[in-house]
2 protein chains.
Amino acid sequence: MGAAAKGGDEAERGTVVTPSAEFPPLGREERAALGRIGERWREPRRPDDLPVDPTLGRSGRPPQPTRFGRLAPIEMFTVEEPDELVASGPAHLPGSRAGRLLSRARRALFGPPISSASVLYERMRKLVALPVLSSDLLSSVAYGPEAMLGVLVLAGGSALGLSLPLAGLLVVLMIAVGVSYRQTIPAYPHGAGSYIVAGDNLGPTAGLAAAAGLMLDYVLTVSVSVAAGVGAVTSALPGLAPLTVPLGVLVIAVLLAGNLRGVRTAGNLFVLPTYAFVVAVLALLVVGYARAAGRGFAPVSPPPVPAAEGLGLLLVLRAFSSGAVSMTGIEAVSNAVPAFRPTEWRNARTTLGWMVAMLVTLFAGLVGLIHLAGLVPRPGETLLSQLGRVTFPTGPWYVLLQATTALILLLAANTAFNDFPRLLFFMARDGHAPRRFLHMGDRLAFSNGLVALSLAAGLIFVAFRGTTASLIPLYAVGVFLAFTLSQAGMVVHWRRRRGRGWRRRLAVNAVGATLSGLVLLTAAVSKFAEGAWVVVVAVPLLVLLFRRIHRHYATLNEALALHPPATAPGPAGSAEGEELPQEVRHLVVVPVARLNRASLRALAYAASLGQPTLAVHIAPEEVEADRFREQWQAWGDHLRLETIVSPYRAVIGPLAHYLEALRSTRPELTLTVIVPEVVLRRRWHRPLHSRAEQRLRAALRALPGVVVTSVPVHLAE
Amino acid sequence: MGAAAKGGDEAERGTVVTPSAEFPPLGREERAALGRIGERWREPRRPDDLPVDPTLGRSGRPPQPTRFGRLAPIEMFTVEEPDELVASGPAHLPGSRAGRLLSRARRALFGPPISSASVLYERMRKLVALPVLSSDLLSSVAYGPEAMLGVLVLAGGSALGLSLPLAGLLVVLMIAVGVSYRQTIPAYPHGAGSYIVAGDNLGPTAGLAAAAGLMLDYVLTVSVSVAAGVGAVTSALPGLAPLTVPLGVLVIAVLLAGNLRGVRTAGNLFVLPTYAFVVAVLALLVVGYARAAGRGFAPVSPPPVPAAEGLGLLLVLRAFSSGAVSMTGIEAVSNAVPAFRPTEWRNARTTLGWMVAMLVTLFAGLVGLIHLAGLVPRPGETLLSQLGRVTFPTGPWYVLLQATTALILLLAANTAFNDFPRLLFFMARDGHAPRRFLHMGDRLAFSNGLVALSLAAGLIFVAFRGTTASLIPLYAVGVFLAFTLSQAGMVVHWRRRRGRGWRRRLAVNAVGATLSGLVLLTAAVSKFAEGAWVVVVAVPLLVLLFRRIHRHYATLNEALALHPPATAPGPAGSAEGEELPQEVRHLVVVPVARLNRASLRALAYAASLGQPTLAVHIAPEEVEADRFREQWQAWGDHLRLETIVSPYRAVIGPLAHYLEALRSTRPELTLTVIVPEVVLRRRWHRPLHSRAEQRLRAALRALPGVVVTSVPVHLAE
């Protein structure tokens, strides 16, 4: 999709996550250009053999580890099978003492580094896949019904009766979207994330909009799930209520640490809590309906609640779209098709069917039971907890219900920790997100993405004081944007590809897209003022940002792309045009402030390169210039010296301008500026030095064809 | 005194301020070593003639200004008399648009740059020198008497009568210290600052203690003078009283701006306000005493004031040492001897005599008149203002008194703006203060020292809310420490040098030192709790800091000092020991992440140096390593490539360790690491890049003998 990946092997892209993604292979034309450039490569003189053995003794006997350096560095590398150096674990250790301590603390917290070879392509059985992929979806029933009733109750206790028809509508919507996604799975067996499906069929902008929606969704999944999970705990233990915010932040930090550590065996971890939650809620439903049957399904009349608002259309729509958050997570299976055992798409589709069936059962069952029990949302205790207390007046069942609820919500948040960095990885591979999101940390986790997610989710959680109700309005818009774009993309897909029964399939996806779109509109409009505006504003801004990032990478790639060399050799272009050693024309410039060991080292280094060399001295006064020239003579005048008097005492400015003036007379020159640099051991020594080399480097950055080299002098102290 | 200046020409040091001080001349041994090193200099091959004309066409016809670059840089330089390039004004302009705007704003505020040749060695007539040097001293009578009475009044109105004997004691002290300083002047005709006198005779630590005392004194002079000046204004216009703090900060900012601009013609500026202040106070005294004579010098009895404290010895001592702040500034003449017309020391001595006479007259006259008028210090109006209102009930004389008081206090603060950076300059020349205080800004002002003073004084002013009374306790200790050390230094001086009448001179200075020392002790003990403890703690800490700074510079100078080369040539030492080109053994290493134009440029640059070159690729996986080697073959395998697999995906760490391992096998090698660097035009693009070159540079800083070179590629965008 992006220029960055145009040259890459299409099959290799897919949804496979690999550490090599940071090093994309060359495209066909670039490869050809590389060969052409190589043919014309001439070196001014053939260099001698290397003065060291670059294999570190791999091919012969190993060299003795010396006492040089702080560590015996030879031991940092091992020789692996194909006769190749491999950096061993300790090669990570930074040099300074503080750095090593930090590194040890990191290792204690996150575990030892994991080799690239350990990337797991684990395949899941359906019975494992179901809990892993459904925790996000099923956990939504812990807050979805309450979100809907919480809006309805604003119009007074009598309006709560509307929950039944609204729930019916939502069930229809769930089934429609579920069926729609079932069709997507076989069409995109390598993974059918909304970013990919929408991008493929509707163009990059639609893909980015879906990605932006999903990214916001993942961030909010963490915030909402953690808020609801903490809510489940504080409902059972009201004494903890004042600690909501720190508890939530702690949970996010633990999730971050766990994911930075890399939860490899996550699959099995998910099985028990998810099934336990389902069992607990099913038990609740059975007991609850049995009791209701005992009194002939006569609903308990809810306590009188005064109406805060009139029961208008807008309120009903708001309630509907709040209830729709129960559907978040339905897209999880389609992202994860390659993780199933073969035949992947068939197993994935079956699992999706089960998930939707379970969702409908739990959701409809809970809404109905709440209605029968005459419960009303109230602050301080979740509806699920109220229902639990009514149904299991005492004892372990209530505790089990609350514990599994908290646990499944935690797992739901963890799902976002898996999906958000993966999404960023795919976007970065296309050049739509910063490249650092391609990098896998030393525990094979996408550390940068994990940290970004935690920061965003943590900030939102704190900003909203961890209250689920105020987070819900932001939630639905992003998800349904992604649903809509994905389904609409499938409509286009069928129209293009056709194939057997394409009209029916198109119709199904069109219904899915239309319904999702309606919910999207409903959510955006009815909850605009409550917070949905944040998402409505953020999505276009994010898309704009992604496009700007993509444009930058495209420019960069174009600038760095290899082109076959021009046929005519020669010094025609500017210095930066040259890719062949014989075309580089050198001038070495050594700025010298005073003659001491550091500057003499720089001069010796410069002269030893055997290129034309010029020394420059900037003097504040004529007197000083004369004195310096006289010293230069005393030294032996081995190199050409040019003295510039800077009567206004600036050094960096005149030097930069002088170099620019030199280059303007011969634009094809490559100027190598060699500055001595005293390397200070202590940070507090820095203000004692002018750090001219850094300032010079900064001043010369803008000049093309100027190479800055610092020759270090280390202080013993 | 310091090792930094050991080699310098002693006569050149003195108290002359010169921009060349940043470039100290070589000592005799270093010069000799330089010649010896030069004799052994051999280049591997004689470089060709330079490919450009380094004189920018000075010797021939000037080259045509080209369109290259953002400015026509040739015009940045002019050719002056001795056939030399001189950077003209515009050579200051920084490249970016924001930088140029800033530069223009600077120029509007501070004026165009001033050439080094304009350093003024202005000589002052006595009648000009008197007001210039006495503003600090004479302005003290605006707050000195009040400071004394403000302490006495704590013991009730009756204790105020003690002011007369205390004033008598202070007059004796003033005369003793004045006479003592009169002797110092001819002994140190090149300037007799306490730092130099104490350092010369009592050792560096005493000099540094005197310097620390003086530095604190200068900072407090600014704070106290500005506070008292603002007090003079708010006494006349009480409506401005709430604005005390912002007014004071504004005054300090204006003083800073004026001094950054460089007040060259400052001398004449001082004449009028100082004489006007003296005239106004003398008029006050004449009219006041005439009135008092009219009623037979019968003192008006002061209003009854309840006693807050008992009248103990400590209180009297506190009052005495508070009154002693009237003497601050008495050292000004001795610092400035070289600024007088010849014979300098004689004119300086005469001027000091006048100053002390005027101080005694004003101080004693004011204390007496306040006593006769029965005035009592009270918040909201200064005593001088009260006296003015009593003596000149209405009309322009009162306004004149307040206006000249405010003005002379402003000038007193300005004196500190002259002296503080000069003191830092001398300390920096000896290596006791950061070298940046040697640098004269483009307006020939010591910008760094001025900014440091303003920040310190402003912070103190704000911290004490601009109230003179609470600042006074901090004030006396620093000054009298400098007085004591300076006079004690003179005692040692006479004992060493002897000469005509040395016993008498020694006795005079001994009396001065003893009295100053007693006041110092009195002030430190009696006002310890009121704030003097700050100074008592700060002085040793500052001395410690100065000594640490000096030690760092000494280490540095030793490390960088030139030594004659060892007789035996050869590759015995480590790479950083070499100062001769024939001793430098090169190995060029090019880390290559991927093959693109940037890395091919870096490879071409490396190969064009004609030194042994090794390319290194760090691969995250074996697969990627194979792919890269295959590309390398496609390119033509022109350079030796070593591939390192980093299974934990770190790049910088393994690379740094590999280089360390290479060097450990041949410690005499100089490793030149050449990295391509993409130069980004916009700041927001930075997070999109890994900035591996910066991280590599930071990682390799600690390794000796490793030179890092970045070959830039500029993006067109």
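Residues numbered from 1 in each chain as written. Chains lettered and ligands numbered in written order. Predicted model: local features only at pLDDT ≥ 70, side-chain atom pairs only at ≥ 80, totals over all residues. Heavy atoms only, no water.

Before going further, it helps to examine the overall build of chain A. Each helix and strand counted, chain A has 24 helices and 7 strands in total. Burial analysis of chain A (717 residues in total) assigns 58% to the buried set. If you take every contact in chain A between residues at least 6 apart in sequence, the share linking residues at least 24 apart comes to 79%. Within the structure as shown, chain A displays about 28,700 Å² of accessible surface, and the carbon and sulfur contribution to it stands at 63%. (Helix = DSSP H or I, 4+ residues; strand = E, 2+ residues; numbered from the N terminus. Buried < 20%, exposed > 50% of the residue type's maximum accessible area, 1.4 Å probe, protein only. Contact = heavy atoms within 4.5 Å. Areas by Shrake-Rupley, 256 points an atom, 1.4 Å probe, with all protein chains shown as cover.)

As a further point, take empty space enclosed by the protein. This structure, assessed with the given rule, holds 7 cavities of 30 Å³ or more. For the largest cavity, the calculated volume is near 170 Å³. What lines the largest cavity is a set of 12 residues, among which Gly193, Tyr218, Asn335, Leu423 and Phe426 of chain A lie closest to the centre. Listing elements by their share of the lining of the largest cavity, those giving two or more residues are α8 (194–202), α9 (204–236) and α16 (396–429) of chain A. Approximately 90 Å³ is the volume attributed to the second largest cavity. Taken together, Leu149, Leu160, Ser163, Val300, Pro302, Val367, Ile370, His371, Gly374 and Leu375 of chain B make up the lining of the second largest cavity. Considering every element that reaches the lining of the second largest cavity, the biggest residue donor is helix α14 (residues 344–373) of chain B, with 3 residues. Here the residues of the lining of the second largest cavity are counted per class, giving 7 nonpolar, 3 polar and no charged. (1 Å grid on protein atoms, 1.4 Å probe; cavity = no way out; pocket = protein on both sides within 12 Å on 5 of 7 lines; lining within 4 Å. Points joined across faces, edges and corners; volume = space filled by probe spheres on them. Nonpolar A, V, L, I, M, F, W, Y, C, P; charged D, E, K, R; others polar.)

Compared with the 44 Å implied by 1.5 Å per residue over 30 residues, the 43 Å span of helix α14 (residues 344–373) of chain A between its first and last C-alpha is a close match. Following α14 of chain A by one or two positions, glycine 374 of chain A adopts a phi angle in the positive range, close to 65 degrees. (Expected span 1.5 Å × (residues − 1).)

All right, on to the pattern of salt bridges then. Side-chain pairs of opposite charge can arise whenever the charged atoms involved come near each other. The final tally for this structure, using the stated rule, is 22 salt bridges over all chains. In this structure, the salt-bridge partner of glutamate 677 of chain B is arginine 701 of chain A, at a minimum N-O distance of 2.8 Å. With glutamate 677 of chain B in strand β6 (residues 669–679) and arginine 701 of chain A in the loop between α24 (692–700) and β7 (706–714), the pair connects residues from two separate chains. Relative accessible area serves as the criterion here: at 9%, glutamate 677 of chain B is assigned to the buried category. Arginine 701 of chain A sits in the partly exposed class, given a relative accessible area of 27%. A salt bridge links arginine 40 of chain B to glutamate 583 of chain B; the nearest nitrogen and oxygen atoms lie 3.6 Å apart. (Salt bridge = Lys/Arg side-chain N within 4 Å of Asp/Glu carboxyl O.)

With that settled, consider the interface of chain B and chain A. Interface size is commonly expressed as the accessible area that is lost once the parts come together. Across the contact, 171 residues belong to chain B and 171 residues belong to chain A. Both faces combined, the contact of chain B with chain A buries some 14,900 Å², and carbon together with sulfur accounts for 59% of it. It is Phe23, Tyr648 and Arg649 of chain B in chain B that bury the most area against chain A; as a group they hold 6% of the surface buried on that side. Taken together, chain B and chain A are joined by 41 residue pairs in polar contact (both at pLDDT 80 or more). Considering every element that reaches the side of chain B that touches chain A, the biggest residue donor is helix α23 (residues 652–665) of chain B, with 10 residues. The residue makeup of the side of chain B that touches chain A, split by class, is 88 nonpolar, 42 polar and 41 charged. By the bridge criterion, 3 bridges tie β7 of chain A to strand β7 (residues 706–714) of chain B in an arrangement that is antiparallel. Directly across from valine 708 of chain A, in β7 of chain B, lies its bridge partner serine 710 of chain B. (Buried area = accessible area lost by both parts, 1.4 Å probe. Polar contact = N/O pair within 3.5 Å; in protein donor to acceptor, adjacent residues only side chain to side chain. Pairing = 2+ DSSP bridges.)

Turning our eyes to something else, we now look at unusual backbone geometry. All names here are of chain A. In the segment running from proline 342 into threonine 343, the intervening peptide bond is cis, with an omega of -5 degrees. Following the sequence through the fold, threonine 343 ends up in the loop between α13 (332–335) and α14. The phi angle at arginine 465 is positive, at roughly 55 degrees, despite the residue not being glycine. Within the fold, arginine 465 resides in the loop between α17 (447–463) and α18 (468–497). The backbone phi angle of aspartate 637 is positive, close to 55 degrees, even though this residue is not glycine. Looking at the secondary structure, you find aspartate 637 in the loop between α22 (622–635) and β5 (640–645). Exposure remark for aspartate 637: the relative accessible area of 38% places this residue in the partly exposed category.

This part is about the relation of the copies chain B and chain A. For these two chains of identical sequence, chain B goes onto chain A by a turn of 180 degrees and a shift of 0.1 Å along the axis, with RMSD 0.1 Å. The two molecules are tied by a two-fold rotation axis, judged by turn and shift. Nearest to the rotation axis, the C-alpha of threonine 709 of chain B is located 2.3 Å from it, this being the minimum over chain B. Residue by residue, 100% of the interface of chain B is reproduced at the interface of chain A, so both copies engage with the same surface. (Least-squares fit on C-alpha atoms with pLDDT ≥ 70 in both.)

Residues and elements named next belong to chain A. We note that the domain assignment places domain 1 (3–87), domain 2 (119–553) and domain 3 (575–714) within chain A. The interface is formed by 6 residues belonging to domain 1 together with 5 residues belonging to domain 3. Buried surface at the junction of domain 1 and domain 3, summed over both partners, amounts to about 490 Å²; 61% is from carbon and sulfur atoms. Where domain 1 packs against domain 3, one counts 1 salt bridge. Along the contact surface separating domain 1 from domain 3 lie 2 residue pairs in polar contact (both at pLDDT 80 or more). A class-by-class count of the residues in the side of domain 1 that touches domain 3 yields 3 nonpolar, no polar and 3 charged. (Domains from an automatic or database assignment.)

Under the defined criterion, the tally for this structure stands at 18 aromatic pairs over all chains. Taking the centre distance of 5.9 Å and the plane angle of 80 degrees together, the rings of tyrosine 181 of chain B and phenylalanine 483 of chain B count as edge-to-face. Of the two residues, tyrosine 181 of chain B sits in helix α7 (residues 163–187) while phenylalanine 483 of chain B sits in helix α18 (residues 468–497), which places them 302 residues apart along the sequence. This pair shows no difference in class: tyrosine 181 of chain B is buried, exactly as phenylalanine 483 of chain B is. Every member of this aromatic cluster is reached through a ring pair, and the members are Trp41 of chain A together with Phe628, Trp632 and Trp635 of chain B. (Phe/Tyr/Trp six-rings, centres within 6.5 Å; stacked < 30°, edge-to-face > 60°.)

This next bit is on the packing of α23 of chain B against helix α24 (residues 692–700) of chain B. Residue and element names in this part refer to chain B. Following both chains from N to C, one finds α23 and α24 inclined at 45 degrees, their axes separated by 10 Å at the closest point. As summarised for this structure, α23 and α24 are arranged oblique, according to the angle between their axes. The hand of the α23/α24 crossing is right-handed. Residues Ile652, Leu655, Ala656 and Leu659 of α23 pack against Ala692, Arg695, Leu696, Ala699 and Leu700 of α24. When grouped by side-chain class, the residues that make up the contact of α23 with α24 number 8 nonpolar, no polar and 1 charged. (Axes fitted to C-alpha atoms, helices over the stretch in contact; angles between N-to-C directions. Parallel < 35°, antiparallel > 145°, perpendicular 65-115°, else oblique. Left-handed = near helix turned anticlockwise from the far one by under 90°.)

Turning our eyes to something else, we now look at a positive patch on the surface. Residue and element names in this part refer to chain A. Together, Arg495, Arg496, Arg497, Arg498 and Arg503 line one region of the surface with positive charge. By secondary structure assignment, the location of arginine 498 is in the loop between α18 and α19 (502–526). For arginine 498, a relative accessible area of 44% puts it in the partly exposed group. (Patch = residues over 30% accessible without salt bridge, like charges linked within 9 Å, V, L, I, M, F, W, Y side chains within 5 Å. Lys, Arg positive; Asp, Glu negative; His and termini not counted. Charge placed at Lys NZ, Arg CZ, Asp CG, Glu CD.)

A few words now on a nonpolar patch on the surface. A cluster of nonpolar side chains, contributed by Phe528, Trp533, Val534, Val536, Val537, Leu541 and Leu544 of chain A, occupies part of the molecular surface with about 620 Å² of accessible area. As for its position among the elements, valine 537 of chain A is in helix α20 (residues 528–560).

Let's shift gears to helix α16 (residues 396–429) of chain B. All names here are of chain B. Taking 1.5 Å per residue as the helical rise, α16 with its 34 residues ought to reach 50 Å, and the 50 Å between its terminal C-alpha atoms agrees with that figure. Judged by how many residues are buried, α16 sits mostly within the fold: 25 of 34 residues are covered. Glycine 431 lies just past α16 and shows a positive phi near 80 degrees.

This brings us to the environment of glutamate 583 of chain A. Residue and element names in this part refer to chain A. Its place among the elements puts glutamate 583 in the loop between α20 and β3 (585–591). Given the relative accessible area of 13%, glutamate 583 is considered buried. Spatially, the C-alpha atom of glutamate 583 lies 9.0 Å from that of arginine 42, the residues being 541 residues apart in sequence.

As a further point, take the pairing of strand β4 (residues 613–619) of chain A. Residues and elements named next belong to chain A. Among the 7 residues of β4, 7 are classified as buried, and the element is accordingly described as predominantly covered. Covered by surrounding structure in β4 are Thr613, Ala615, His617 and Ala619 together with Leu614, Val616 and Ile618, the residues of both alternating faces. Of the crossover connections in this fold, the one passing from β3 over helix α21 (residues 597–608) to the parallel β4 is right-handed. Each parallel crossover has a hand, and for β4 linked through α22 to β5 it is right-handed. (Right-handed = clockwise from strand over helix to strand, strands pointing away.)

So, about the side chain of threonine 405 of chain A. All names here are of chain A. The topology assignment puts threonine 405 in helix α16. Residue threonine 405 is classed as buried on the basis of its relative accessible area, which comes to 3%. Here leucine 401 takes part through its backbone oxygen, which lies 2.5 Å from a polar atom of the side chain of threonine 405. Those residues within four positions of threonine 405 in sequence are excluded, and the remaining contacts are Ala142, Ala232, Phe277 and Leu384.

What follows deals with the pairing of strand β2 (residues 84–87) of chain A. Consecutive side chains along a regular strand alternate between the two faces of the sheet. Burial along β2 of chain A is two-sided: the residues Glu84 and Val86 of chain A and Leu85 and Ala87 of chain A are all buried. In this structure, β2 of chain A lies alongside strand β5 (residues 640–645) of chain B, joined through 2 bridges in parallel fashion. Paired with valine 86 of chain A across the strands is valine 645 of chain B, a residue of β5 of chain B.

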